[in-house]
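# Results of the structural survey
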Amino acid sequence: MTDPAANRTNPKEAAPALPPLPRLLAGQKALVTGANSGIGKAVALALAEAGADVGVNYVVNPEQAEEVATAARAFGGAARIYQADVSNEAQVAAMFESFVIDFGALDILVANAGLQRDASIARMTLDDWNKVLSVNLTGQFLCARAAIAQFRKQGDSRRVSRARGKIIDMSSVHQMIPWAGHVNYAASKGGVMMMMQSLAQECAPDRIRINSIAPGAIRTPINHDAWATQEAYDKLMALIPYGRIGEPEDIGKVAAWLASDYCDYIVGATLFVDGGMTLYPGFADNG
Ligand code: BGC
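Everything in this summary refers to the structure shown in the same document. Being a predicted model, the structure only gives us computed values, none of them experimental.

### Thoughts on the pairing of strand β3 (residues 79-83)
One ladder, built from 5 bridges, connects strand β2 (residues 53-58) with β3; its direction is parallel. For Asn57, the partnering residue across the bridge sits in β3 and is Tyr82. At this point the chain moves from β2, through helix α2 (residues 62-73), to the parallel β3, and the crossover so formed is right-handed.

The structure is reproduced here in structure tokens:
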């Protein structure tokens, strides 16, 4: 057997960069929510690398969003920033309206914006519950609804992709793995799974492709405490058979591929990108 430690990164060292993307999305217009940091940022950059023009949604921190847009433009396309709280119906409507005025069309939505407010059930407030459900689940609903309306309006007028439009919902391994102390988050992602599948079923006849990516542990600010020290990192590795934490780019590059015509027949699927976390490694020598 090979040494599982050979694949490991450590808390300070990112895995080597993945190979560059071909221009899979040339001429397409993509909006990514929560794109000023973490996974959303990596998705926006990967879509830009693949040739798309990108909208970088954010709530606070316009400077961060502007930095992402600048980095996206370095791949040769256009990029603009859009402030909107995805859980606010009016702000979402205004964002999609501005995006279509600026770019002329919408081909891809990556509904990524999400957050955690962790607490044991004894300590979890209604506000913690509502906040997570409203951003992670209602936010994806509002953005999907707006995107689908735009895709239908465009009909066959676009010639950039086989599908009339594509949506990628950012889910989590916790759409399937229960998570004590995170009941709001796990419930929101379980909801994302059923929302995605039901919308995919409803919209596939319009040639709108809706799928999810379910990341495992990815090195971002949301789970900083799970990887920032050697002790935490080693504990985390017990959950990841592949022996390393994911990098945001691991998700970004998959999103670009999933939005491309290589995946034209993928409809209503959840792609787990988790180093094997959902293989329940605790059973490898147990049970
Ligand atoms: C959560 C992270 C967590 C990962 C694996 C993600 O959805 O946001 O905090 O590290 O799942 O448990």
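Don't stop here, the text continues.
### Let's talk about the site of the ligand
Taken together, the residues surrounding the ligand are Gln116, Ser172, His174, Trp179, Tyr185, Gly216, Ala217, Ile222, Asn223 and Met277. Take His174: an N or O atom from its side chain is 2.7 Å from an oxygen atom of the ligand. Between Tyr185 and the ligand, the recorded distance is 2.6 Å, taken from a side-chain N or O atom to an oxygen atom.

### Description of unusual backbone geometry
With a phi angle near 60°, Arg207 is a residue other than glycine that sits in the positive phi range. Looking at the secondary structure, you find Arg207 in the loop between α5 (183-203) and β6 (208-215). Phi is positive for Tyr280, close to 50°, though the residue is something other than glycine. Position of Tyr280 relative to the elements: it lies in the segment after β7 (270-273).

### Remarks on the packing of helix α4 (residues 126-154) against α5
The N-to-C vectors of α4 and α5 enclose an angle of 15°; their axes lie 8 Å apart at closest approach. As far as their axial angle goes, α5 and α4 are roughly parallel. When you trace α4 past α5, the crossing you get is right-handed. Across the interface between the two elements, Asp128, Trp129, Val132, Leu133, Asn136, Leu137, Gln140, Phe141, Ala144, Ile148 and Arg152 from α4 touch Val183, Asn184, Tyr185, Ala187, Ser188, Lys189, Gly191, Val192, Met195, Leu199, Glu202 and Cys203 from α5.

### Section: the packing of aromatic side chains
This model, assessed by the stated rule, comprises 3 aromatic pairs. With a centroid separation of 5.8 Å and an interplanar angle of 50°, the aromatic rings of Tyr82 and Phe99 are classed as tilted. In this pair, Tyr82 is assigned in strand β3 and Phe99 in helix α3 (residues 89-103), connecting sequence segments 17 residues apart. Judged by its relative accessible area of 6%, Tyr82 is buried. When the centroid spacing of 4.6 Å and the interplanar angle of 35° are considered together, the rings of Phe99 and Phe103 count as tilted. You can see Phe99 and its partner Phe103 sitting in helix α3, 4 residues apart, about one turn around the helix. We note that Phe99, like Phe103, is buried. Counting every residue linked through ring pairs, the aromatic cluster contains Tyr82, Phe99 and Phe103. The residue whose ring lies beneath Arg219 is Trp227, and the NZ or CZ to ring-centre distance is 5.6 Å.

About the cut-offs
Residue positions are given per chain, counting from 1 as you read along its sequence in written order. Two thresholds apply to this predicted model, a pLDDT of at least 70 for residue-level local features and 80 or more for giving and counting side-chain atom pairs, whereas whole-chain, interface and lining totals are computed over all residues. Side-chain metrics rest on all non-hydrogen atoms present in the structure, leaving aside hydrogens and water. When DSSP finds two or more bridges between two strands, those strands count as paired. Labels follow the DSSP assignment, with helices taken as runs of H or I lasting at least four residues and strands as runs of E lasting at least two, numbered in each case from the N terminus. Orient the strands so they point away from the viewer, and a crossover whose first-strand-to-second-strand path over the helix runs clockwise is right-handed. The nearness test applies per residue and asks whether one of its heavy atoms lies within 4 Å of the molecule or strand. What qualifies as a polar contact is a pair of N or O atoms within 3.5 Å, subject to a donor-acceptor requirement within protein and to the restriction that residues adjacent in sequence count only when both atoms come from side chains. Axes here refer to lines fitted to C-alpha atoms; in helices the fit is confined to the stretch in contact. Angles between the N-to-C directions go from 0 to 180 degrees. If an angle is under 35 degrees, it is roughly parallel; if it is over 145, roughly antiparallel; if it lies from 65 to 115, roughly perpendicular; otherwise it is oblique. By definition, turning the near helix anticlockwise from the far helix through less than a right angle yields a left-handed crossing, and turning it clockwise yields a right-handed one. Here a residue-residue contact requires only that any non-hydrogen atoms of the pair lie within 4.5 Å. Pairing of aromatic rings covers Phe, Tyr and Trp, the last through its six-membered ring, and needs centres within 6.5 Å; plane angles under 30 degrees mean stacked, over 60 mean edge-to-face, and all others mean tilted. Under the scheme applied here, a residue whose accessible area is under 20% of the maximum for its type counts as buried, over 50% as exposed, and between as partly exposed, the area being computed with a 1.4 Å probe on protein chains only. A ring is considered to have a charge above it if a Lys NZ or an Arg CZ atom is located within 6 Å of its centre and within 35 degrees of its normal.

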